[in-house]
Amino acid sequence: MSQIKNYAYRLIKEKKQIAEDKVFYLLEELRKDDVFRSLESQRNGLTFEMARLRAQKADLGNRNELLKDLKEKISSRIAELGHSDDELVVKYACNACKDTGIINGTECECVKKLVYDLLRQECDNLVTDVDSFLKVAIPKETTANYANYLKLLDRLQEVFPNNERKVITLSGTVGTGKTYLASVFANAIMKKGYSAYALNSIQLNSLFLKYHLAPLQEKNEIFEELIDADLLIIDDLGVEPILNNVTIPYLYELLIMRKDKTTIFTTNLDAESIRSRYGDRIFSRIFNVNTTWALTLTGQDLRLKPKN
Ligand SMILES: [Zn+2]
């Protein structure tokens, strides 16, 4: 299970605990009152007796009325003590799963929603409103072309995570909206309940270095999030310094470890610069037209041009 999902379950569990504690402490308080305590114990005794009689298929007599009467007395006593019956009902954040996160063995929608919200908080730089972005940020004459990219990514997110090509490389000069496209894609898959992890190449490089220097037993943990994320976005590949024995080998290793999961690169570099900077092995994993979506966004017309 991904870290973010673990965290979501922990939050849900905490919410459940808080909701239940509230009722528990109120009951404790009410029980300090002799009248309440006595009524409550009469009711419990009666309920127990009725259960026993039912099991024996015996006549309940007037016990139903007695129980009703006791319940009314309890309600009025609670009111006299300044509270209400309603406060004794546990208020779950999600009534469907009663804050367990699980309904009949399957994950409740509230978990997905929470994971999505958590990820959104993490990626608060992501733009979410596609239409207004197209109106504001993209020149009118190129909107239609740019929309082709969005359409392609939309098709990919529909089949995600079963998309055949696992690497998407968005290249182009500054201001062509690469990062935005990656963000749109990330938001789409997060809405489906998948996890996305975004970092820029400088942060990634620091992680590689940390991994390189870490004691063996700590190494896995450093890479965990990079490997676990259903979608990994590496923004601005090429601005990081190349660290000897670190940047290139670990980038390659990461690509191998994520061969069944989707990774998006954005870069200002063109294909040839990628090849000369990272070598053939990485180049072929990032720009191979048969196995990746290598798309170049051009500043002028943002046309969809699969890279050869
Ligand atoms: Zn739920």
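Described in the following lines is the structure provided in the data block. All values reported here derive from a predicted model rather than from experimental measurement.

**Quick notes on helix α7 (residues 178–191)**
- Over its 14 residues, α7 extends 20 Å from the first C-alpha to the last, a length consistent with the 20 Å expected when each residue adds 1.5 Å.
- Extensive coverage of α7 is indicated by the burial of 12 of its 14 residues.
- Among the residues of α7, Lys178, Tyr180, Leu181, Ala182, Ser183, Val184, Phe185, Ala186, Asn187, Ala188, Ile189 and Met190 are the ones counted as buried.
- Of the residues trailing α7, Gly193 is marked for its positive phi of about 95°.

**Focus on the packing of helix α8 (residues 201–213) against helix α10 (residues 247–257)**
- Here α8 crosses α10 at 95°, and the two axes come no closer than 10 Å. Here α8 is positioned roughly perpendicular relative to α10, judged by the angle of their axes. Where α8 approaches α10, its residues Leu204, Asn205, Phe208, Tyr211 and His212 are matched on the opposing element by Thr247, Tyr250, Leu251, Glu253 and Leu254.
- Of the residues contributing to the contact of α8 with α10, the split by class is six nonpolar, three polar and one charged.

**Quick word on the coordination of the zinc ion**
- Distances from the zinc ion to its protein donors, namely Cys94 (SG), Cys97 (SG), Cys108 (SG) and Cys110 (SG), fall within the range 2.2 to 2.3 Å.
- For the zinc ion, the four donor atoms in the first shell make angles of 107 to 114° at the metal, so the coordination geometry reads as tetrahedral.
- Considered as a linear motif, the donors of the zinc ion on their single chain read C-x2-C-x10-C-x1-C. Of this pair, Cys97 sits in the loop between α3 (63–80) and β1 (102–103) while Cys108 sits in the loop between β2 (106–107) and α4 (109–122); the two residues are 11 residues apart in sequence, bridging distant segments of the chain.

**Some thoughts on α3**
- For α3, spanning 18 residues, the distance from its first C-alpha to its last is 25 Å, which sits close to the expected 26 Å at 1.5 Å a residue.
- Two residues or fewer after α3 comes Gly82, characterised by a positive phi angle close to 90°.

**Quick word on the packing of helix α2 (residues 34–55) against α3**
- Relative to each other, α2 and α3 sit at 155°, their axes nearing to 10 Å. With respect to α3, the element α2 is oriented roughly antiparallel. Crossing of α2 against α3: the hand is left-handed. The segment α2 lies against α3, with Val35, Phe36, Leu39, Glu40, Gln42, Arg43, Leu46, Thr47, Glu49, Met50, Leu53 and Arg54 engaging Arg63, Asn64, Leu66, Leu67, Leu70, Lys71, Lys73, Ile74, Arg77 and Ile78.
- Here the residues of the contact of α2 with α3 are counted per class, giving 11 nonpolar, three polar and eight charged.

**What about the pattern of salt bridges?**
- By the definition in use, this model includes 13 salt bridges.
- Between Arg31 and Glu40 there is a salt bridge, with the nearest N and O atoms lying 2.7 Å from each other.
- Using a relative accessible area of 30% as the deciding quantity, one classes Arg31 as partly exposed.
- One network of salt bridges, with partners in common, ties together Asp33, Arg77 and Glu80.

**Some details on the side chain of Arg77**
- On the secondary structure map, Arg77 appears in helix α3.
- Judged by relative accessible area, Arg77 falls into the buried class, the value being 19%.
- Within the structure, the side chain of Arg77 is placed 2.8 Å from the side chain of Asp33, a separation counted as a polar contact.
- Within the local environment of Arg77, its side chain forms a polar contact with the side chain of Glu80, the two groups lying 2.6 Å apart.
- Filtering out sequence-adjacent residues up to four positions away, Arg77 remains in contact with Asp33, Val35, Phe36 and Leu39.

How each quantity is defined
Residues numbered from 1 in each chain as written. Predicted model: local features only at pLDDT ≥ 70, side-chain atom pairs only at ≥ 80, totals over all residues. Heavy atoms only, no water. Helix = DSSP H or I, 4+ residues; strand = E, 2+ residues; numbered from the N terminus. Expected span 1.5 Å × (residues − 1). Buried < 20%, exposed > 50% of the residue type's maximum accessible area, 1.4 Å probe, protein only. Axes fitted to C-alpha atoms, helices over the stretch in contact; angles between N-to-C directions. Parallel < 35°, antiparallel > 145°, perpendicular 65-115°, else oblique. Contact = heavy atoms within 4.5 Å. Nonpolar A, V, L, I, M, F, W, Y, C, P; charged D, E, K, R; others polar. Donors = N, O, S within 2.8 Å, 3.2 Å for Na, K, Ca; no water. Tetrahedral: all angles 85-135°; square planar, octahedral: opposite > 155°, others 65-115°. Left-handed = near helix turned anticlockwise from the far one by under 90°. Salt bridge = Lys/Arg side-chain N within 4 Å of Asp/Glu carboxyl O. Polar contact = N/O pair within 3.5 Å; in protein donor to acceptor, adjacent residues only side chain to side chain.

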